[in-house]
Amino acid sequence: MLSVDNLSKSFGGVAAIRNVTLDFPAESLTAIIGPNGAGKTTFFNLISGAVVPDDGRVLLDGVDLVGLSRPEIVRRGIARAFQVANIFPSLTVEESLMVAVQAHHRRAGVIGRRFPLANSGKPAEEVMDMLGLADKAGTLCANLSHGDQKLLDIALALVLEPRVLLLDEPTAGMGPEERWQMINKVHRLWERKRITVIFIEHDMDIVFKIARSIRVLCYGQVLAEGAPDEIRGNPEVVAAYLGTDPEARP
């Protein structure tokens, strides 16, 4: 499904990602973890086309996406939600989703209309229902809570009909209860849509609870990959990231 092959990227002589090769099977749910500065966000930037690699390939069903524009990569099936929600503050939730649907289908001539075309409504409604935003449909995005803004950012990615969904710290900035509400919605989304979901997360309780597989980055390289139990017991991962105190480990 999605594969990266010998991916590398440096900034000012500093290697952010070094010779990373990873596979993400169709319908998988994978966590990307690692210490600050490990290269996690750069890795997402490379997959989504926000940054062009110095070397290597990003393959979706065997087709190399490197060098394609970001809109074209989205049309090929990769969408992303950001650590800081990327929303339209002056539009309502429903209007924002309708605009995203129209843009995805290249209907640029109607994007500026105050009332989007009716055939944009169905996918918007489905996504709002799925993520629990239906009761916020008429709310201005600027007036949403932090958690609902994060949900909307995921919704904006979902209406693009991705086969691969990248979630950059979906629970960032949330309190404990709100974090679990968010991640449970992400898990239900994955169970319902069965798309490939890859998420960056620092909360190890969340990672070990819902991830089906884990990839560990450290200093821009793959330190380990495997099932949660394998990662939890990996001595290199414990030393580099999880910590050596058994009581402090997830």
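Throughout, residues of each chain are indexed from 1 in the direction in which the sequence is written. Local features in this predicted model are restricted to residues of pLDDT 70 or higher, and side-chain atom pairs are both shown and tallied only at a pLDDT of 80 or more, whereas totals for entire chains, interfaces and linings draw on every residue. Excluding hydrogens and water, the side-chain figures rest on all heavy atoms present in the structure.

pLDDT expresses, on a scale from 0 to 100, how confident the predictor is about each individual residue. For the chain, the mean per-residue pLDDT works out to 88, and 90% of the residues sit at or above 70. Per-residue pLDDT stays below 50 along residues 107-117; that stretch engages in 14 contacts with residues further than four places along the chain or on separate chains. Counted against residues more than four places away or in other chains, residues 244-250, with its pLDDT under 50, gives 10 contacts. By definition in these notes, contact holds between two residues if any of their heavy atoms fall within 4.5 Å.

Another point: the side chain of Lys40. Note on placement: Lys40 falls in helix H1 (residues 40-48). Polar side-chain contacts of Lys40 include one of 3.0 Å to the backbone oxygen of Gly34. Those residues in contact with Lys40 that sit more than four places away from it in its chain are Ile32, Ile33, Gly34, Pro35, Ile200, His202 and Leu217. Put simply, DSSP marks the helices as runs of H or I at least four residues long and the strands as runs of E at least two long, and each gets a number from the N terminus on. Throughout this description, a polar contact denotes any pair of N or O atoms lying within 3.5 Å of each other; where both atoms belong to protein, one of them has to be capable of donating a hydrogen while the other can accept it, and for residues adjacent in sequence the pair is counted only when both atoms sit in side chains.

A few words now on the nonpolar core. Put simply, a nonpolar core is a bunch of buried Ala, Val, Leu, Ile, Met, Phe, Trp, Tyr and Cys residues held in one set by side-chain atoms that sit within 4.5 Å of each other. Buried, partly exposed and exposed residues are distinguished by accessible area as a fraction of the type maximum, computed with a 1.4 Å probe on protein chains only: under 20%, between the cut-offs, and over 50%, respectively. One finds Leu97, Leu152, Ile154, Leu158, Leu165 and Ile214 to be the most contacted residues of the largest nonpolar core, which totals 53 residues. No other element matches the seven residues that helix H5 (residues 146-158) contributes to this core. Ignoring anything within four residues of it in the chain, the contact list for Leu152 reads Ile87, Val93, Leu97, Leu133, Cys141 and Leu144.

Taken across its five residues, strand E7 (residues 164-168) has five buried, putting it largely inside the fold. The two faces of E7 match: Val164, Leu166 and Asp168 on one face and Leu165 and Leu167 on the other face are all buried. As judged from the four bridges shared by strand E6 (residues 78-81) and E7, these two strands associate in the parallel manner. Looking at E7, one finds that Ala81 is bridged to Leu167. Strands pair, by our definition, only if DSSP identifies at least two bridges between them. In this structure, E7 lies alongside strand E8 (residues 196-200), joined through five bridges in parallel fashion.

Before going further, it helps to examine helix H6 (residues 176-193). Expected span, for any helix, means 1.5 Å times one less than how many residues it has. Between its first and last C-alpha atoms H6 spans 26 Å; for 18 residues at 1.5 Å apiece the expected length is 26 Å, and the two agree. Along H6, the residues that are buried comprise Met182, Ile183, Val186, His187, Leu189 and Trp190. In an axial view of H6, the angular spread of the buried residues amounts to 155°, which keeps them on one side of the axis. Exposed side chains of H6 directed beyond 90 degrees from the buried face belong to Glu177 and Arg192. Just past H6, the residue Arg194 takes up positive phi, approximately 55°. Arc, as used here, means the arc of the directions from the helix axis to the C-beta atoms.

Now for the packing of aromatic side chains. Ring geometry is summarised as follows: Phe, Tyr and Trp rings, the Trp one being its six-membered ring, pair when their centres sit within 6.5 Å, and such pairs are stacked at plane angles under 30 degrees, edge-to-face over 60 and tilted between the two. Applying the stated criterion to the full structure yields one aromatic pair. On the basis of an interplanar angle of 45° and a centroid distance of 6.3 Å, the ring pair of Phe24 and Phe43 is categorised as tilted. Of this pair, Phe24 sits in strand E2 (residues 14-24) while Phe43 sits in helix H1; the two residues are 19 residues apart in sequence, bridging distant segments of the chain. What makes Phe43 buried here is its relative accessible area of 0%. Two limits define a charge over a ring: the Lys NZ or Arg CZ must be within 6 Å of the ring centre, and within 35 degrees of the ring normal. Sitting over the ring of Trp190, Arg194 keeps its end group 4.1 Å from the ring centre.

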